Amino acid sequence: MRIAFAILGLSLFFFACDPYAESDLAGNWEAIRITEEGDSLAVDLSGIRFEFTNNGRYYFHSTLNYEEAGTYRLDGPYLFSTDTTQEVSREKAVEIVLLNTDSLQLRMQELGKERVMLLKKE
């Protein structure tokens with residue numbers, strides 16, 4: 001009986017823990033590869049950057065002078081962001097596929113197609 005309670009307790013502990021924390025994501029990230037449906041996209045990656053802070057703020061710079069800034073939150077393997085620079089703000093979600101000390105990989109849907117972005121920490 002004690003073993004069953006111990007296993008149940010450990011299971012709840014592991015499922016209750018989020019895989020990532022704001023401190024894991026904090027920093028400046030630059031895109032090094034973007035694929036859509038498995039094929040590389042021919043875009044200038046030099047201008048695609050994210051900055052995440054430890055207090056739930058983010059900044060995004062992309063091609064064609066596109067910028068976002070606002071708040072983010074983590075929930076399990078998902079990164080939710082809300083661009084507060086727009087009059088009508090809407091929360092967006094992407095999946096964190098990989099996050100370690102120097103690499104971040106995000107999976108998202110763009111016009112019904114899977115897009116994967118690989119970033120490195122600056």
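Predicted, not measured: the structure shown is a model, and the values here were computed from it.

Basis of the calculations
Residues numbered from 1 in each chain as written. Predicted model: local features only at pLDDT ≥ 70, side-chain atom pairs only at ≥ 80, totals over all residues. Heavy atoms only, no water. Helix = DSSP H or I, 4+ residues; strand = E, 2+ residues; numbered from the N terminus. Buried < 20%, exposed > 50% of the residue type's maximum accessible area, 1.4 Å probe, protein only. Contact = heavy atoms within 4.5 Å. Polar contact = N/O pair within 3.5 Å; in protein donor to acceptor, adjacent residues only side chain to side chain. Core = buried A, V, L, I, M, F, W, Y, C linked by side-chain atoms within 4.5 Å.

Colleague: Describe the environment of K121, listing the residues and the values that go with them.
Modeller: Within the element layout of this structure, K121 appears in strand β9 (residues 113-121). According to the relative accessible area criterion, K121 is partly exposed, its value standing at 30%. Spatially, the C-alpha atoms of K121 and G27 are 7.1 Å apart, while their sequence positions differ by 94 residues. In this view, K121 contacts D24, A26, G27, N28, W29, T101 and D102; residues no more than four positions away in its chain are not counted. A polar contact of 2.8 Å, which involves the side chain of K121, links it to the backbone oxygen of A26.

Colleague: Tell me about the nonpolar core, and please be specific about residues and values.
Modeller: With 21 residues, the main nonpolar core has F52, L79, L104 and L106 as its most contacted residues. Contributions of two or more residues to this core are made by β1 (27-36), β3 (49-52), β4 (57-61), β5 (67-75), β7 (91-99), β8 (103-110) and β9. Not counting the four nearest positions on each side in its chain, L79 is found in contact with L25, F52, Y72, R73, L74, K92, A93, V94, I96 and L106.

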